[in-house]
Amino acid sequence: MATLSVHTSPLDQPGAGDAGGMNVYVVEVSRRLAARGIAVEIFTRATSSDLPPVVEMVPGVTVRHVSAGPFEGLGKDDLPAQLCAFTAAVLREEARHEPGFYDVLHSHYWLSGQVGWLARDRWGVPLVHSAHTLAKVKNAALAEGDAPEPMARVIGEEQVVAEADRLIANTVEEARQLVRWYDADPARTLVVPPGVDLERFTDRRDRAAARRAVGVADDALVLLFVGRIQPLKAPDVLLHAAARLLADEPALRARLQVLVVGAPSGSGLAEPRQLQELAVSLGIADVVRFVPPQGPAALADHYRAADVAVVPSHNESFGLVALEAQACGTPVVAAAVGGLPTAVADGVSGVLVDGHDPADYAAAIRKVVEQREVLSVGARQHAECFSWDRTAGSLVEAYTAAMGEMRAVVRSPRDRVRDAVRAFSVGGTAR
Ligand code: UDP
């Protein structure tokens, strides 16, 4: 199968720039598909001259670096102009093989959907599309100072929604958004929850050892934010909530530790520098520590070391971070937006908060700290409801159904040319 991930590579470290949950999704699902005997070729844009054209990620999963525009200096917003070059490279790669080399296309994010739409028509195989985020939804929940997504993206998404043979939504909420806001066909819109690696993110490792690894004291009260630093993710709400906790209980200063793991993303950012300035202006700089993006093992230790993981996002199509924290036995305080009410079981694995008032987050954090032991058990149990294996299994079902449908209705490209010629000559006769 061909997987399209135009704007961000599965080989990138998530937690900075354009690399986040979608990258993790593509990697985890591709590995599971390969384990089921499905060869996966992932096409992504080359962003450095050092990258080899082809990389074997794991046996059965190949990453193809496509030349489309200059390696460096292009942001996500510049990429619509490179879609023709990207598509041409994908089509040329397929043309090197026997017809029917790819059985199905899975595109991730609307830029890839545009490429997939054309390849689908050319190859006569189904296009399965995952939006990951939707511009209309994002624009309806903008953080202060965040730039709205452009109309070109909205139109591009509408086109892909209309063209895809199957749309994969992370949650029922996202499926509803696709149907109501994008006029998606409900019969072609499937809910396939993402997963979590329950072996990598486990509560089995000793919490004290994790705290030593992360460098926080045994008796610290650790609040954790993990994710790309951008207004949408609202790390500022956590800092305000921490300031409130300290104002209400000054003695806590000796124990409170706020960890912010991640790096900036996109333009118009809440840069760490801005967050640092906010911490200074709130008088809490001494308790806030900024940590660069972490690989899975170190990240798991950060989750385990925390008393509470806080996900105060203005919007979140799912929120893998919430699931990973829970898998490590750490309860979550999250905004009740997007996929987070699915990712977090309110009152069982954490607490959901309506809105973004720091006072409400401070209260929710207090509640979770008081009930941490029981919520920790609930957190792991809730995380165990999700698995990448199940995600991959549901995707295979979606691919198979779409392929069956396609075989029934699609004619070969040669037949389609013949049809077009016939239609032209009929039109000519009529004239
Ligand atoms: N992540 C990571 N290292 C970091 C920070 C984040 O690997 O230092 C990963 C994290 O494990 C998660 C993903 O980035 O799987 C973020 O996904 P999420 O759905 O929470 O947010 P998104 O990036 O999709 O907005």
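How each quantity is defined
Residues numbered from 1 in each chain as written. Predicted model: local features only at pLDDT ≥ 70, side-chain atom pairs only at ≥ 80, totals over all residues. Heavy atoms only, no water. Core = buried A, V, L, I, M, F, W, Y, C linked by side-chain atoms within 4.5 Å. Buried < 20%, exposed > 50% of the residue type's maximum accessible area, 1.4 Å probe, protein only. Helix = DSSP H or I, 4+ residues; strand = E, 2+ residues; numbered from the N terminus. Near = heavy atom within 4 Å. Polar contact = N/O pair within 3.5 Å; in protein donor to acceptor, adjacent residues only side chain to side chain. Areas by Shrake-Rupley, 256 points an atom, 1.4 Å probe, with all protein chains shown as cover. Nonpolar A, V, L, I, M, F, W, Y, C, P; charged D, E, K, R; others polar. UniProt positions renumbered as here; feature names shortened; annotations may be inferred. 1 Å grid on protein atoms, 1.4 Å probe; cavity = no way out; pocket = protein on both sides within 12 Å on 5 of 7 lines; lining within 4 Å. Contact = heavy atoms within 4.5 Å. Pairing = 2+ DSSP bridges. Axes fitted to C-alpha atoms, helices over the stretch in contact; angles between N-to-C directions. Points joined across faces, edges and corners; volume = space filled by probe spheres on them. Parallel < 35°, antiparallel > 145°, perpendicular 65-115°, else oblique. Left-handed = near helix turned anticlockwise from the far one by under 90°. Phe/Tyr/Trp six-rings, centres within 6.5 Å; stacked < 30°, edge-to-face > 60°. Lys NZ or Arg CZ within 6 Å of the ring centre and 35° of its normal.

In terms of nonpolar packing, the biggest core is built from 94 residues, with L256, V258, I284 and I365 touching the most fellow members. A total of 8 residues in this core trace back to one element, the largest contributor, which is helix 8 (residues 235-248). Counting residues in each nonpolar core, the second largest holds 34 residues, with L4, Y109, A119 and L134 among its members.

So, on to the site of the ligand. Residues in close proximity to the ligand total 18 residues, the closest being G21, K233, Q294, L320 and E324. P14 places a main-chain nitrogen or oxygen 3.3 Å from a nitrogen atom of the ligand. Compared with its free state, where it exposes 540 Å², the ligand has 89% of that area covered by protein. A per-class count over the shell around the ligand returns 8 nonpolar, 6 polar and 4 charged.

Another aspect to go through is the UniProt feature "binding site: UDP-N-acetyl-alpha-D-glucosamine" (unreviewed entry) in the protein chain. UniProt marks Q13, P14, G21, R228, K233, Q294, E316 and E324 with the feature "binding site: UDP-N-acetyl-alpha-D-glucosamine" (unreviewed entry), using the numbering shown here. Checked against the lining of the largest cavity, the annotated residues reduce to E316. Residue R228 is classed as buried on the basis of its relative accessible area, which comes to 19%. When near neighbours in sequence (up to four residues on either side) are disregarded, R228 contacts G15, A16, G17, D18, A19, G20, K233, A263 and S265. Polar contacts involving the side chain of R228 include one to the main-chain carbonyl oxygen of G17, which spans 3.2 Å. Judged by its relative accessible area of 19%, Q294 is buried.

Read from one edge to the other, the open sheet built from 6 strands follows the order 11-10-9-12-13-14, with strand pairing classed as parallel. Two strands in the sheet have a free side with no partner beyond their single neighbour: strand 11 (288-291) and strand 14 (350-353). Between one strand axis and the next, the sheet turns by 20° as a mean value, whatever way the strands run. Both strand 12 (residues 308-311) and strand 13 (residues 332-335) contribute to a ladder of 3 bridges, which runs parallel. Each bridged residue has a counterpart across the sheet, and for V311 the counterpart in strand 13 is A334.

Attention shifts here to empty space enclosed by the protein. Evaluation of the coordinates by the stated rule reveals 4 cavities of 30 Å³ or more. Here the largest cavity defines a volume of roughly 80 Å³. What lines the largest cavity is H132, T133, L134, V137, T171, E174, Q177, N315, E316, S317, G338 and G339.

All right, on to the packing of helix 8 against helix 13 (residues 358-370) then. Axis separation between helix 8 and helix 13 bottoms out at 8 Å; the angle between their running directions is 70°. Relative to helix 13, the element helix 8 lies roughly perpendicular. As for how helix 8 packs across helix 13, the hand of that crossing is right-handed. Contacts between helix 8 and helix 13 involve V237, L238, H240, A241, R244, L245 and D248 on the former and, on the latter, P358, A359, Y361, A362, I365 and R366. For the contact of helix 8 with helix 13, the residue count by class is 9 nonpolar, 1 polar and 3 charged.

This part covers the UniProt feature "binding site: 1D-myo-inositol 3-phosphate" (unreviewed entry) in the protein chain. According to UniProt, the feature "binding site: 1D-myo-inositol 3-phosphate" (unreviewed entry) maps to H7, D18, A19, G20, G21, M22, N23, K76, Y109, T133 and R153 in the numbering used here. Among the annotated residues just listed, those that line the largest cavity are T133. Position of D18 among the secondary structure elements: in the loop between strand 1 (2-4) and helix 1 (21-35). Given the relative accessible area of 27%, D18 is considered partly exposed. Among the secondary structure elements, K76 is positioned in the loop between strand 4 (61-66) and helix 2 (83-95). Using a relative accessible area of 25% as the deciding quantity, one classes K76 as partly exposed. With near-sequence residues (within four places) excluded, K76 lies in contact with H7, D18, Y109 and L111.

Quick look at unusual backbone geometry now. Of note, the phi angle at D183 is positive, near 60°, even though the residue is not glycine. Looking at where D183 falls in the secondary structure, it is placed in the loop between helix 6 (172-182) and strand 8 (189-191). The class for D183 is exposed, based on a relative accessible area of 69%. With a phi close to 55°, A234 is a non-glycine residue in the positive phi region.

With that settled, the discussion passes to the packing of aromatic side chains. Centre-to-centre distance and the angle between the planes together describe a pair of aromatic rings. Inspection of every chain in the model, using the stated rule, returns 6 aromatic pairs. Ring centres 5.5 Å apart and planes at 85° place the aromatic pair Y25 and W388 in the edge-to-face group. Of the two residues, Y25 is situated in helix 1 and W388 in helix 15 (residues 388-409); the sequence distance between them amounts to 363 residues. Ring centres 4.9 Å apart and planes at 80° place the aromatic pair F101 and Y102 in the edge-to-face group. Through pairs of rings, three or more aromatic residues link up here, namely F43, F101, Y102 and W123. The ring of Y182 is capped by K136, whose NZ or CZ atom sits 4.4 Å from the centre of that ring.

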